[in-house]
Structures are given as structure tokens and as C-alpha cells.
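Coordinate inspection notes
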Amino acid sequence: MADRYQNHIHQQGGGDSYATYGEGGGPDGYGYQADYPSQEEDAASDATEGHDEEDQMYEGEYQGIPHPDEVKAAQRAARAKARPAGSTISDLEELSEQYEDIMEDCGHGKFQWTLFVVLGLALMADGVECFVVAFALPSAEKDLCLSNAEKGMLGLVVFLSMMVGAFLWGGLADKLGRRRCLMVALAINCVFAFLSSFAQGYGFFLFFRLLSGIGIGGTVPIVYTYFSEFLQMEKRGEHLSWLCMFWMMGGIYASFTAWGVIPRYGWGFSMGSEFQFHSWRVFVLVAALPAIMSLVGLTFMPESPRFLLENAKHDEAWMILKQVHDTNWRAKGQPEKVFTVTHIKAPKTAEDEFIEIQTATGTPVQRWAVRSLRICKLVLRNVASLLSAELRFATLFMALIWFCMAFSYYGLSVWFPDMIKHLQHEEYESRLKTFHGERVENFQFNFSLENQIHREGEYIRDKFVGIEMKSVKFEDSLFEDCLFEDIRSTDTMFENCTIRSTIFYNTDLWKEKFIDCRMENNTFEHNKHGCHLDTTDENDVLVYLVSFLGSLAVLPGNIISALFVEKIGRVRIIGGSMLISAGCSFFLLLSFSQSAIIALQCLFCGVSAAAWNGIEVVTVELYPASKRATAFGVLNALCKLAAVLGSSIFASFVGITKAIPILLSFTALVCGGLVALRLPDTRQKILQ
């Protein structure tokens, strides 16, 4: 029968060692006491009354199955025995082992699953953010009258702002707290995402999306750091991998809501001509729901006790650990389990104490300025410490792996839909109709014109009424005494034409549509100002379908990596997945159809998901608690920089050549995969 243990209590200010579980009073063992300490008796549940523990028999004892508590004790003894004889253990190493023992006793249950959902929604919000602008842009470019340069800037600002946010919030989370920083980051995202949906001008929309991205950029480094500190070693890799599924769910959610909302043009309202709220703005609002739900959930979650211990707040950490323990064991139907840890001695952190101006000698602004400056210095010092002797190689290796993976993944993620659009455009142009030298008099065009070129035509006293012109070009043609009324045009222009005595009434045909044309005695009345939404071309269902399939294809990779991350190991999953992804990208050279590209995209995304899961788990495990969020933030910021470079480079070759983007992706993935195989195996590593 398993015994119960109690930490030996060390008075604060007495020696420098931590409370230990000492076997036979030895410093390196794990001892158990026969009785709970008297001060804990009141904490016992009423459910224990009337129970004689000596009479209780573990049901697996007759079958020779060891009691779970005996297994835990054996694991602890093995860890103690694995230390070299005579070696001294540092304070932080002792805290790490003690914390791991406590988390094992707390178990994995209701508390972790609740936190899993809350943090998963935050990760889902990050996935949604990557798609919001891309899905809204085809409609927003018409609503906001965006040029190609402005569209490119909107796409760029998403990743740049998330890069800044990852660096900023990752560093602050190690100094101010995981939960606190995550709540502030999500609140910033929610507020400015809401404001961006109402922004009527490009400048305000860009500014609000920039601030929204800075907020959401902090979710990935904080979420993984925060969740890992509530997991015991044997559960860590698997459950961090399951958490990655929420990012995939973010892509699916964004695809479904965009497809269901944006084409519904009646889902909006207007207040005169100055304020328009079209359906794409509704989509921007709906896309913020995961962040809002996560923010609400976080109000009921505690701070990471490991962070509190690192900052000498052992009383608060003890209360939270007790909450985790009691929540899990009550949910498992064992409320008689009592949290027996009575004291956890926190490490000294004198060098990290914040300097404050005394209330009597400084103003609130001065105190805030000094505190902010001190925090900035501590964050930058933490960033610099990532290149210290003990962390230098780990940081450089992980930076190379993150960069190579992000460069290829995000570059191809942009290249896939752009390449499909290019193939569609080529197919569309192959159906181009050309009319040469036609002469039309006294005719009313009451049907739409699409994908046509009219050269050297003559149009005399003709009427173009209530029609749409899409991809129509008139070259060297004559229009005389004609009427254009209620016209909507897309990619339509008049080049080197002569237009005489013609009336343009309620059309969107403006000067930029007439290139090198001779205009004589023409009238423009009630022309449409600004831009307008088109209801067909911009919202091709294939755009949403491709993104949906790419996100859904991540599911098999997530499941496989979660099931085998502890059996195969993080290093093999990362290296193997990156090398297989390189092979998938190479086969793109042989694909010439839309269906083949979509199939290879799904395969690439599925295999890449396993690599991403392994990368994120190893990043958490390689760094100590005081630098974990900072390191994750720096590496995630590098990831976003690689995403900007990859998407820009790959997109520039669409329609020119496939070979260069594919070879770049192949080379980056092979290099990253080979480097990953040199990483240490962290499966049995206690979080430092």
C-alpha cells in the first residue's frame, strides 16, 4: 500500500535548500510519513470520516499491479539515483524536481482539461487572425478603394504586427506573469478587431489591424508556456500536441464563417453614403469571437504557480497548486485525497526586484516611468541571456529550425492559392472572345459583356443600359451619340478610342478607365463615387475551399504527432516530418493541374503539422522557466519574419516559374530537418 508524504519544512531565511521529499531523512530520497501533519487535518474532506485507511485495499494488489503512488515513488527514486554520486544540485534544479513531484501528485484531470479549452480558444484566435485579412480583402479592396500597394501592405502588416507582439508579450510574460499578459494581449486584440470592422478609411483600418495583430501575436508564446507549467512530464508532449489542433480549428472556423458571411450582401447596413457596413465587416466581428471567449475563460483561471515560485511568491503558488490538486481528485471521485505540501521555498530573486520610487517622493507618473524602464531592461537582459554559454547552441539550432520551417510553410501557403488563381486566370483567358472591325448602329445592349476584346469597332447611337462589363477592353474604337446608363464594370477599359457626344449616367466609368482616348462633347451625370462591391468574382468559393482543405489536412498530422510524440520522440518527429515535407514540395514540380496542387497542399500541410507540434514542444522544454516565454517569443517573432520573406518571395514567382519557389522550399526544409536531428531528446527532461 502506498504511503503518503509531506515536505520537510524549512523556515524562510534559514538555509538555502528547498523543501524536499527525503527518504529516511536523506537529502536525495523521497520519504513518506505515516500520518498527515496536524495542521492539515482540518483540510481533509468530510468524505474521509469513518474510513480506516488500513482496511482499504488497492484493487490491483492481488493481480500484482503496482499502486500508482508506488510507481511515482519509484520514478522519483530513479531520478535521484540518476544524479552522479557526490554531485551537488542547484536551487533551481531542486525546485524543478520538487515542482514535478507536486504536479504528479496533483494528477491530470478536470483542471488541465478546462485550461486546455480556454488556452485552445486563444490559440484558435491566432489561427483566425492569419486568415481574416486574406478572406476580407477581396471585398474590402472595393469597399475601401484599395490600390495594389495598399492591399500588399495590409497583408504584410498582419505578420509584422504579430512579430512585434510575439517578442513583446513573450518577454513581458516572464516578468509580469503568463495569465496577466495573455489577458491584456487578448483584450487589445478584441478591442481593435472590433474597431477595425467599423473603420471607413484605409488608414484607420490598417492602424486598427496593426494593433490587433500586436495583441494576438502574444498568444502562441504565452499559451504554450502557460499550459506546459500545469503538465507533468509524462503528459507534456502529448497534450501540448493536442493543443496545437486549435490552431487548425482556427483556420477551419475562419474558412467556414467567411464562406457563410461574406457572400451574404444583405447582412449589412448603411447610414447615408458616408458609413457603410457590409458583410465582410460582419465577418471581421465574428472572427473575434474565439479571442473574446478565451478572455472570459481566463478570468476564472489562476496564474502559473511555476511563475509565482520563480518570483518568490510561494504562498500564492501553494494556493493554486492546492486548487489544481483538489479540483482533479474531486472530479475523479476521490475527495479524500489531501494536498500534503505545507511549504514551498521560493528562490531568491533579488536581482529581479523592481525598483520603485517611494510614494512620498515621487508622482504616479514617475513611479510608472521608473517601473516601465526597469521592466524593459529586465526583458532585454533576458533576451540577451538566450545567447549565454549554456543556451547558445540550443537557441541557434532552434532559430534555424523555426526559420526554415516558417519560410517554407508560409511561403507555400501563399503560393498554393496564388498558383491556383493563376491557373484559373489562364483558363479564363483561353476563353477570351475577340471582335474585330464590328459596326453596330441603333442597338441596345441589355446583356452583360464579359471576357471580350473589341478592336476597331464603330458604335453609333447605341445604348448600354443596366449591364455589367467584366474584363472587357475596347481598342481603337469609335463611340458616337451613345448612352451608358447604370453600368457596373470590373477590369474594363477604353484604350485609344474616340468618344463623341456620349452620355454617361450613373456609371463607374471614370477617367482612369479611358487610356489615351479622345473625348469630345461628352456628359457625365450622377456617376458613382468611390468604389463598390462586386457580387461574383471576388468571393469565389474555391478560395474558401482551398483554405478549408489545407486547415483540415492538418488533423492527421496533429493526431499522429500527439500519439507518437512520447514513443518516437520530438527530435525524430521534427526531422522526419520536415524531410517528408521537402519531398512533398519537390513533387510540386510535376503538378500541372488545380486538383494535383490541392492534393499536394493537403499532404504538405498534414506532414508539416507534425513538425510544428514537435518544434513547439521542444521549444518549451529546452529553456528554463525564467526564460521560457521570452525564448518562445523571440523564436516566434523570427517565424513571422520568415513568413513575410517566404510569402513575398514565393508570390513574386507566380506566373513566372515554379522551379525557384519549390527548390527554395525543398532546400530550407532539408536543412532544417537535418539540424533538428542534432537536437537533444527532451522526453524525460524535467521542466527547468
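Quick look at the structure, then. (Residues numbered from 1 in each chain as written. Predicted model: local features only at pLDDT ≥ 70, side-chain atom pairs only at ≥ 80, totals over all residues. Heavy atoms only, no water.)

Observations concerning helix H10 (residues 279-286)
Among the eight residues that make up H10, six are buried, leaving the element largely enclosed by the rest of the structure. Taken together, the buried positions of H10 are Ser 279, Trp 280, Arg 281, Val 282, Phe 283 and Val 284. (Buried < 20%, exposed > 50% of the residue type's maximum accessible area, 1.4 Å probe, protein only. Helix = DSSP H or I, 4+ residues; strand = E, 2+ residues; numbered from the N terminus.)

Some thoughts on the side chain of Asn 328
Relative to the elements of secondary structure, Asn 328 occurs in helix H13 (residues 314-331). A distance of 2.9 Å separates a polar side-chain atom of Asn 328 from the backbone nitrogen of Phe 111. Excluding its chain neighbours within four sequence positions, the residues that come into contact with Asn 328 are Cys 106, Gly 107, His 108, Gly 109, Lys 110, Phe 111 and Gln 112. (Polar contact = N/O pair within 3.5 Å; in protein donor to acceptor, adjacent residues only side chain to side chain. Contact = heavy atoms within 4.5 Å.)

Some words on the pattern of salt bridges
If you walk through the whole model with that rule in mind, you get 18 salt bridges. In this structure, the salt-bridge partner of Glu 475 is Arg 455, at a minimum N-O distance of 2.9 Å. Of the two residues, Glu 475 sits in strand S9 (residues 468-475) while Arg 455 sits in strand S6 (residues 449-455), which places them 20 residues apart along the sequence. On the accessibility criterion, Arg 455 (31% relative accessible area) is partly exposed. Put simply, Arg 570 and Glu 621 hold a salt bridge, and the shortest N to O gap is 2.6 Å. Here Arg 570, found in helix H18 (residues 570-587), pairs with Glu 621, found in helix H19 (residues 594-622); they are 51 residues apart in sequence, far enough to count as distant. Given a relative accessible area of 0%, Arg 570 falls into the buried group. For Glu 621, a relative accessible area of 1% gives the class buried. (Salt bridge = Lys/Arg side-chain N within 4 Å of Asp/Glu carboxyl O.)

A few points about the packing of helix H5 (residues 178-198) against helix H7 (residues 219-228)
At a minimum axis distance of 10 Å, the contact between H5 and H7 shows a crossing angle of 150°. Here H5 lies roughly antiparallel to H7, going by the angle between them. As H5 runs across H7, the sense of the crossing is left-handed. Residue-level inspection shows Arg 178, Arg 179, Cys 181, Leu 182 and Leu 186 of H5 in contact with H7, the latter providing Thr 219, Ile 222, Val 223, Thr 225 and Tyr 226. Of the residues that constitute the contact of H5 with H7, the class distribution is six nonpolar, two polar and two charged. (Axes fitted to C-alpha atoms, helices over the stretch in contact; angles between N-to-C directions. Parallel < 35°, antiparallel > 145°, perpendicular 65-115°, else oblique. Left-handed = near helix turned anticlockwise from the far one by under 90°. Nonpolar A, V, L, I, M, F, W, Y, C, P; charged D, E, K, R; others polar.)

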